[in-house]
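Coordinates in review
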Amino acid sequence: TLLNSLEEENPNIPVIAKYFGTKGRYEEVNPYLIRDILAVNRSGLQPPSPQCREIHLTAIIRHGTRYPTAKNVKKMQKLYKLVQSSARGEESWLREILTQWTMWYTEDMDGRLVQKGVGDLKHLAVRLSKLFPTIISEEKLRGGLFKFITSSKHRCVNSTLSFKAGLTEMWAITDVEFQHAVNDALMRFFDTCTKFVQEVDNNPSALTEMDKFTQRPEMVRVQEKIADRLDVPYHLITYDMVEAAFYLCAYEFAIKTANSPWCRLFDEVDGQVMEYALDLKQFWKRGYGYDINSKSSCILFHDVFSRLEKAVNDHNSGQPVAEAVTVQVGHAETLLPLLTLLGFFKDNETLMSTNYASQRERSFRTSRMLPYAANLVLVLFDCGGQDIRLQPLVNEQPVVFPGLADRQESMPLYEDVKRQYAELLNGCDYETVCDKTQNTRIHS
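Residues numbered from 1 in each chain as written. Predicted model: local features only at pLDDT ≥ 70, side-chain atom pairs only at ≥ 80, totals over all residues. Heavy atoms only, no water.

You'll find the chain entered in an unreviewed UniProt entry as Multiple inositol polyphosphate phosphatase 1, with Xiphophorus couchianus given as the organism. Turning to the chain, the UniProt annotation filed under Subcellular location (unreviewed entry) states: "Cell membrane". The heading Sequence similarities (unreviewed entry) in the UniProt record of the chain holds the text "Belongs to the histidine acid phosphatase family. MINPP1 subfamily." (UniProt positions renumbered as here; feature names shortened; annotations may be inferred.)

Turning to the sheet that holds strand β7 (residues 397–398), a few remarks are in order. Note: strands within a sheet are paired through backbone hydrogen bonds, in either parallel or antiparallel orientation. Pairing within the open sheet is mixed, and its 7 strands lie in the order β3-β2-β4-β1-β5-β6-β7. Because the sheet does not close on itself, it has two edges, and the strands there are β3 (181–182) and β7. Across 5 bridges, the pairing between strand β2 (residues 146–150) and strand β4 (residues 325–330) is parallel. Residue pairing in the sheet places Phe 146 in a bridge with Val 325 of β4. Sitting on the sheet, helix α6 (residues 115–131) is in contact with β1 (53–62) and β5 (375–382), with an inclination near 160 degrees to β1. (Pairing = 2+ DSSP bridges. Helix = DSSP H or I, 4+ residues; strand = E, 2+ residues; numbered from the N terminus. Contact = heavy atoms within 4.5 Å. Axes fitted to C-alpha atoms, helices over the stretch in contact; angles between N-to-C directions.)

The subject of this paragraph is helix α8 (residues 154–170). Helix length check: α8, at 17 residues, gives a terminal C-alpha distance of 24 Å against a target of 24 Å (1.5 Å per residue), a fit within 8%. Residues of α8 that are buried include every one of Arg 155, Cys 156, Val 157, Ser 159, Thr 160, Ser 162, Phe 163, Lys 164, Ala 165, Gly 166, Leu 167 and Thr 168, and no others. Buried residues belonging to α8 abut β1, α6, α7 (138–142), β2 and β4. (Expected span 1.5 Å × (residues − 1). Buried < 20%, exposed > 50% of the residue type's maximum accessible area, 1.4 Å probe, protein only.)

Moving on, we come to the pattern of salt bridges. A pair can form between side chains of opposite charge whenever their charged atoms are brought close. Taken as a whole, this structure holds 36 salt bridges when the rule is applied. One salt bridge connects Lys 116 with Asp 120, and the closest N-O pair in it is separated by 2.8 Å. Pair noted here: Lys 116 and Asp 120 are both in helix α6, with a separation of 4 residues, about one helical turn. The salt bridge partner of Arg 221 is Glu 224, with a shortest N-O separation of 3.3 Å. Placement of both Arg 221 and Glu 224 in helix α13 (residues 217–230) is noted, with a separation of 3 residues, approximately one turn of the helix. (Salt bridge = Lys/Arg side-chain N within 4 Å of Asp/Glu carboxyl O.)

With the rule as written, the count across this model stands at 4 disulfides. Here Cys 193 connects covalently by a disulfide to Cys 434, the sulfurs 2.1 Å from one another. Looking along the S-S bond of the Cys 193-Cys 434 disulfide, the torsion reads about -100 degrees, which is the left-handed sense. Of the two residues, Cys 193 sits in the loop between α10 (189–192) and α11 (194–201) while Cys 434 sits in helix α22 (residues 430–434), which places them 241 residues apart along the sequence. With a relative accessible area of 4%, Cys 434 lands in the buried category. There is a disulfide in this structure between Cys 249 and Cys 263, and the S-S distance comes to 2.0 Å. Taking the torsion about the S-S bond as the criterion, the Cys 249 to Cys 263 disulfide, at about 100 degrees, is right-handed. (Disulfide = S-S within 2.5 Å.)

Next up on the list: the packing of helix α14 (residues 239–256) against helix α15 (residues 268–285). Running from N to C, α14 and α15 point in directions that differ by 105 degrees, and their axes come no closer than 11 Å. Of the possible angle classes, the one that applies to α14 and α15 is roughly perpendicular. Of α15, the residues touching α14 (which contributes Tyr 239, Val 242, Glu 243, Phe 246 and Tyr 247) are Gly 271, Met 274, Ala 277 and Leu 278. Grouping the constituent residues of the contact of α14 with α15 by class yields 7 nonpolar, 1 polar and 1 charged. (Parallel < 35°, antiparallel > 145°, perpendicular 65-115°, else oblique. Nonpolar A, V, L, I, M, F, W, Y, C, P; charged D, E, K, R; others polar.)

A few words now on the pairing of β2. Burial analysis of β2 places 4 of its 5 residues in the buried class, which makes it a mostly covered element. Bridge count for β2 against β3 is 2 bridges, and the pairing is parallel. The residue bridging Thr 150 from the neighbouring strand is Val 182, located in β3. The handedness of the β2 to β3 crossover, carried by α8, is right-handed. (Right-handed = clockwise from strand over helix to strand, strands pointing away.)

A few words on α14. Given a rise of 1.5 Å per residue, 18 residues ought to cover 26 Å, and the 25 Å separating the end C-alpha atoms of α14 matches this to within 8%. When you tally the buried positions in α14, you get 16 out of 18 residues, the bulk of the element. Of the residues one or two after α14, Thr 257 is the one with positive phi, at around 50 degrees.

Turning our attention to the packing of aromatic side chains. Tallied over the entire structure, the rule returns 26 aromatic pairs. Judged by centre distance (6.2 Å) and plane angle (75 degrees), the rings of Tyr 67 and Trp 104 are edge-to-face. Remark: Trp 104 occurs in the loop between α5 (92–99) and α6 and Tyr 67 occurs in the loop between β1 and α4 (70–86); sequence separation between them is 37 residues. Aromatic side chains Phe 213 and Tyr 356 sit 5.9 Å apart centroid to centroid with 40 degrees between the ring planes, which places their arrangement in the tilted category. Taken together, the positions of Phe 213 in helix α12 (residues 208–215) and Tyr 356 in the loop between α18 (332–341) and α19 (366–369) put the pair 143 residues apart, joining distant regions of the chain. As far as the burial class goes, Phe 213 and Tyr 356 line up, both buried. Pairwise contacts between aromatic rings join Phe 301, Phe 305, Phe 344, Phe 345, Phe 401 and Tyr 421 into one cluster. Over the face of the ring belonging to Phe 190 we find Arg 286, whose NZ or CZ atom lies 5.2 Å from the ring centre. When the ring centre of Tyr 288 is taken as origin, the NZ or CZ atom of Lys 346, which lies over that ring, is 5.1 Å away. (Phe/Tyr/Trp six-rings, centres within 6.5 Å; stacked < 30°, edge-to-face > 60°. Lys NZ or Arg CZ within 6 Å of the ring centre and 35° of its normal.)

Turning to the nonpolar core, a few remarks are in order. Grouped together as the largest cluster of nonpolar side chains are 112 residues, with contacts concentrated most on Tyr 105, Leu 230 and Phe 266. Examining the composition of this core, we find that 14 residues originate from one element, α14, more than from any other. Leaving out residues up to four positions away in the same chain, Phe 266 has contacts with Ile 16, Val 222, Ile 226, Arg 229, Val 242, Ala 245, Phe 246 and Met 274. One finds Ile 61, Leu 131, Phe 132 and Phe 178 within the second-largest nonpolar core, a separate group that totals 35 residues. (Core = buried A, V, L, I, M, F, W, Y, C linked by side-chain atoms within 4.5 Å.)

On to unusual backbone geometry. The phi angle at Asp 231 is positive, at roughly 60 degrees, despite the residue not being glycine. Relative to the helices and strands, Asp 231 resides in the loop between α13 and α14. Of note, Thr 257 is a non-glycine position whose phi angle comes to about 50 degrees, a positive value. Here Thr 257 is to be found in the loop between α14 and α15.

Structure follows, in C-alpha cells:
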C-alpha cells in the first residue's frame, strides 16, 4: 500500500505509528499529507450531477496535537525513573535514553495545545476550503456566515483560533476579527450527562474488558518483551509502565516528529496489541459498549440536524442560508459518541478481551477514527429542483451512512438520511436519557 511505501522510506516514522489510537497523527490516517500537508484527495467526492451546489457545511473537529495530561506525565516519569535505576544493556537506543534523552514533560503541560496542533487546525482549514471552495470562501467568512463554537478547554479554544487563522492568513484578512462562542453544553455534553458520569465514567467496572485484556497472554507477552529489552525483572513492568512507554513514543512523534528511542521498546505486533487495549477502552467508555455512551451526544445530534434543517428551509424559501458554515471544536470524547450514535464504524461483533484475534479486521479502530484534529464534516448540496443531498466525511474521506449503503450513492438524499435517523430525531431527548432516575442500571 501507499502507506507502507511512504513509511518504509521514512526512518523518522516509528514502526508502530499507525497504532497510536487517539494519540496518533492525522498524517497516518491520510498518508498523502506526509509529502504535502495541503494536498486534498477528491476521489469519491463526485456529486451525482455537475450542477450540485454546496449550501451548508458543518464540521465537528477534535482539537489538534496536545501535550500529555498530568496523569499521563506522572506515569511517564515513573517509567523513566525505573529505566534510569534498573535498566541494563548496551543497545545504542537504551544508552541514548539513559545519557541523552531528558524527561522534559511536566505536569503543568496538562493537555495544552502544542505548536504542531496549531498547524493541524490551520492546515485542515485550508484543505477544507480547497475541497469545498464555494462555501468555505472569503466572501462568506467576511459576510458573517460562519459560526465558530468551541469547548472551554484551552486546547479547544486555541484550536478554534488556529482554524480561523488558517483562513484569515490564506485570504490575508487583517482588518476584521471573527468571534467564537464557548459552549460546553454542546461540546462537553459528557460532563453533564448524569447517567453517563455515574454508570460509565466514574464506574471502574465499565472498563472490565480492557482490564481483563491487560491480563491476557497477548498483553503479558508485550510486558515480558519490554522487560527483556530493558533487562529488568518481569514483575517491574506493569501494564501502566507499558502504556507509559507507548505514550512516550507517541508523544515524541506527534509533538516533535521524532522517532524516539522509546519506540524501540515495541515491535509492530506489540503496537497492534496496544492499539486493541486502547480501542477496548474507547469502545466501552465512549463507543458501542453501553447505550448511554452514544445517547449522551443526543444534544449535539439534535443541534447538528436543526442546523441542517434551518439551512434547507432558508434555501428552499429562496433566501440566502444564514449560517453557511458551522465549525465546532471539541474532544475525542465529543466525536466518538456522535459517530457511534450515527452508527459509523460498527462491527458485527462486540469488542471483548477474548476476541483480539477475530477483531484484527475490525472497523472500530481509534487510530483511524480519532487522531488529533479528527473531524466529521457534513455537507448539504442542492443538486437542482428540491434535490437536496447530504455528504458525510470522516477525516476528509467520504463515508456512507449506515442503512443507506445499499443505495450505492456516495451522496444520499437529505430526506433519506432523516428517514434513517427518524427514531433519534423524534426522540433521544438529552434530559431524559441522561437522567439517572429514569431507567435501571446497565447490565454488561
